[in-house]
Amino acid sequence: MVIGFFMILVDTTIVSVATPAIRSALQTDYNTVIWVTSAYLLAYAVPLLITGRLGDRVGPKNVYLVGLALFTLASLWCAVTTTIEMLIVARVFQGLGASMMTPQTMAVITRTFPPESRGRAMALWGATAGVATLVGPVLGGVLVDSAGWEWIFFVNVPVGIIGFALAWRLVPRLETHARSFDWVGVVLSAAAMFLIVFGIQEGERYDWGQITGIVSVPALIALGLVVGAIFLWWQSRVRREPLVPLQLFRERNFSVSNAAISMVSFSVTAMSFPFMLWAQTARGWSPTESGMLLIPMAVVTAAMAPIVGRWTDRVAPRLLASIGFGVSGGSILFMSQTVTPDSPVWLILIATALVGFGNAFLWSPLAATATRRLPMVSAGAGSGVYNATRQIGAVLGSAAIAAAISSRLAAHLPQAASAGSEGAGPTALPPEAAEPFSTAMSQALLVPAAAFLLGLLIVQFFPRPR
């Protein structure tokens, strides 16, 4: 199951390094090409609440296999498409497949391992999540340079086939429970997410004003918040099977872990876009060279994950998560200072290694803490909520960084912000524009840094160890 989980998480960040190549090949602009990621993340996030419950009803193995098949076929569709519009549509179907798979991985671990040893099992799940999101840009760079951007999707096909065969043979069939579905909640949550994300991401394009004669960006965001509030009210009124059982949040560890993982996912997703754009556009490095800048991040996270996993069952989550958020936030601030036209490579590598060190203290402890005290009957619901929260963070991170990049480019280099529609290549930036472009990307990196530091405040609400 972790093979499939790794693959779908790699796809949340692998596109970042291929963004300039896709933009050039499909003749589109910066804001539109970022929807290649946002559409995937949105389609991934919205159904997670119901796919977790679906696993309880028909079995996590069955839902996982269907999701893996859909994801693999959609990956093939992404690889063969020739227009930006069809690529975005194919990414939606990819996201739907991913949403069916993710809750099942976490639910199986929760239902198979007892609480006292679940930390080590969740360490593997969390390490997979952490390493996958960081490996994406590295793998993407190699594939884009050696074979073309299409291969970031083609590579999923053989991996998906192998993962399907292994899951069919090895994943156990667990007891199922009859569940009803809160379809009103599904519609309300989907509408709220779309309105908020679309408003944030498209705000800069419309100068945060009118989209049409009667619709404005602020109105869309406000309407999304109102629909979100109605969704929460509806969940409190549904007696039989709410989409989000609000009683789960009475468990303090679960509530704090959910808020914290949203900040992690927000930051990791948001960080890669400005960093990869700067490396390829301002410095003129190839996708492979740009992706290699993140190798220290992935290596350090992978090396530290088993160590942190052993600590997860013995050390207070507040301490581990505080180290993770503090180091990660400080490292992104440090990284933003290295995003210049002439910064030495060794300094950049130190910054990315520190980000990897901080991330190792976040994924596993937060996942294990979220599920440690949940009853088995709530495993699917808890997994669905936790992963939905994680993906909502990623969606908002993608939307927020798109707005930040557009805003900073408009302020420092207006011609770069408008040149995207001409399909300029990733190395087409003239030398005299490198400084303002680097400044714009440096300032955009302050967005994920702020989210990491907000996470540091959130984890202080974990219960104090007795």
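Residues numbered from 1 in each chain as written. Predicted model: local features only at pLDDT ≥ 70, side-chain atom pairs only at ≥ 80, totals over all residues. Heavy atoms only, no water.

**Some points on the packing of helix H15 (residues 317–338) against helix H21 (residues 446–458)**
Here is step 1 of the chain: Relative to each other, H15 and H21 sit at 160°, their axes nearing to 8 Å. In this view, H15 runs roughly antiparallel relative to H21, as classed from their interaxial angle. The two elements H15 and H21 cross, and the hand of that crossing is left-handed. Across from Ser322, Phe325, Gly326, Ser328, Gly329, Ile332, Leu333 and Ser336 in H15, the residues of H21 making contact are Leu446, Pro448, Ala449, Phe452, Leu453, Gly455 and Leu456.
Here is step 2 of the chain: Along the lines of polarity and charge, the residues of the contact of H15 with H21 split into 9 nonpolar, 6 polar and no charged. (Axes fitted to C-alpha atoms, helices over the stretch in contact; angles between N-to-C directions. Helix = DSSP H or I, 4+ residues; strand = E, 2+ residues; numbered from the N terminus. Parallel < 35°, antiparallel > 145°, perpendicular 65-115°, else oblique. Left-handed = near helix turned anticlockwise from the far one by under 90°. Contact = heavy atoms within 4.5 Å. Nonpolar A, V, L, I, M, F, W, Y, C, P; charged D, E, K, R; others polar.)

**As for the domain arrangement of the protein chain**
Here is step 1 of the chain: By the assigned domains, the protein chain splits into domain 1 (1–180), domain 2 (182–240) and domain 3 (245–418 + 425–465).
Here is step 2 of the chain: Using only C-alpha atoms to locate each centre, domain 1 and domain 3 end up separated by 19 Å.
Here is step 3 of the chain: Tallying the contact residues gives 52 residues for domain 1 and 54 residues for domain 3.
Here is step 4 of the chain: Of the roughly 4500 Å² buried where domain 1 meets domain 3, counting both sides, 71% is carbon and sulfur surface.
Here is step 5 of the chain: Counting only elements with at least two residues in the side of domain 1 that touches domain 3, the list comes to helix H1 (2–25), helix H2 (30–33), helix H3 (35–45), helix H4 (48–58), helix H6 (84–112) and helix H7 (115–146).
Here is step 6 of the chain: At 23 residues, H7 tops the list of elements feeding residues into the side of domain 1 that touches domain 3.
Here is step 7 of the chain: Tallied by class, the residues present in the side of domain 1 that touches domain 3 amount to 28 nonpolar, 15 polar and 9 charged. (Domains from an automatic or database assignment. Buried area = accessible area lost by both parts, 1.4 Å probe.)

**Re the side chain of Thr102**
Here is step 1 of the chain: Inspection of the secondary structure assignment puts Thr102 in helix H6.
Here is step 2 of the chain: Overall, the relative accessible area of 0% leaves Thr102 in the buried class.
Here is step 3 of the chain: Contacts of Thr102, omitting those with residues within four sequence positions, involve Phe5, Ile8, Tyr44, Leu48, Ser383, Asn387 and Arg390. (Buried < 20%, exposed > 50% of the residue type's maximum accessible area, 1.4 Å probe, protein only.)

**A short note on the nonpolar core**
Here is step 1 of the chain: Ranked by size, the top nonpolar core spans 129 residues in total, and within it Phe325 and Leu366 carry the most contacts.
Here is step 2 of the chain: With 17 residues, helix H12 (residues 252–282) is the largest single contributor of residues to this core.
Here is step 3 of the chain: For Leu366, the residues in contact, after removing those within four places along its chain, are Ser257, Ala260, Ile261, Val264, Ala321, Phe325, Tyr386 and Phe462.
Here is step 4 of the chain: Counting residues in each nonpolar core, the second largest holds 5 residues, with Met304, Leu320, Ala360 and Phe361 among its members. (Core = buried A, V, L, I, M, F, W, Y, C linked by side-chain atoms within 4.5 Å.)

**Observations concerning the environment of Cys78**
Here is step 1 of the chain: You can see Cys78 is positioned in helix H5 (residues 60–80).
Here is step 2 of the chain: Accessibility expressed as a relative area gives 0% for Cys78, which makes it buried.
Here is step 3 of the chain: Through-space distance from the C-alpha of Cys78 to that of Trp151 is 9.6 Å; in sequence the pair is 73 residues apart.
Here is step 4 of the chain: Beyond its immediate chain neighbours, meaning those up to four positions away, Cys78 contacts Leu87, Ala90, Arg91, Gln94, Trp149 and Phe153.

**Quick look at unusual backbone geometry**
Across the chain, the bulk of peptide bonds are trans and the bulk of non-glycine residues have phi less than zero.
Here is step 1 of the chain: One non-glycine residue, Gln27, adopts positive backbone phi at about 55°.
Here is step 2 of the chain: Tracing the backbone through its elements, the reader meets Gln27 in the loop between H1 and H2.

**Some details on a nonpolar patch on the surface**
Here is step 1 of the chain: Residues Ile3, Val159, Ile162, Leu166 and Leu170 make up a contiguous nonpolar surface patch of roughly 430 Å² in combined accessible area.
Here is step 2 of the chain: Examining the composition of the nonpolar patch, we find that 4 residues originate from one element, helix H9 (residues 156–170), more than from any other.
Here is step 3 of the chain: Along the chain, Ile3 turns up in helix H1. (Patch = residues over 30% accessible without salt bridge, like charges linked within 9 Å, V, L, I, M, F, W, Y side chains within 5 Å. Areas by Shrake-Rupley, 256 points an atom, 1.4 Å probe, with all protein chains shown as cover. Salt bridge = Lys/Arg side-chain N within 4 Å of Asp/Glu carboxyl O.)

**Quick notes on the packing of aromatic side chains**
Here is step 1 of the chain: Tallied over the entire structure, the rule returns 11 aromatic pairs.
Here is step 2 of the chain: Every member of this aromatic cluster is reached through a ring pair, and the members are Phe275, Trp278 and Trp285.
Here is step 3 of the chain: Arg91 extends its terminal NZ or CZ atom over the ring of Tyr40, reaching a point 4.3 Å from the ring centre. (Phe/Tyr/Trp six-rings, centres within 6.5 Å; stacked < 30°, edge-to-face > 60°. Lys NZ or Arg CZ within 6 Å of the ring centre and 35° of its normal.)

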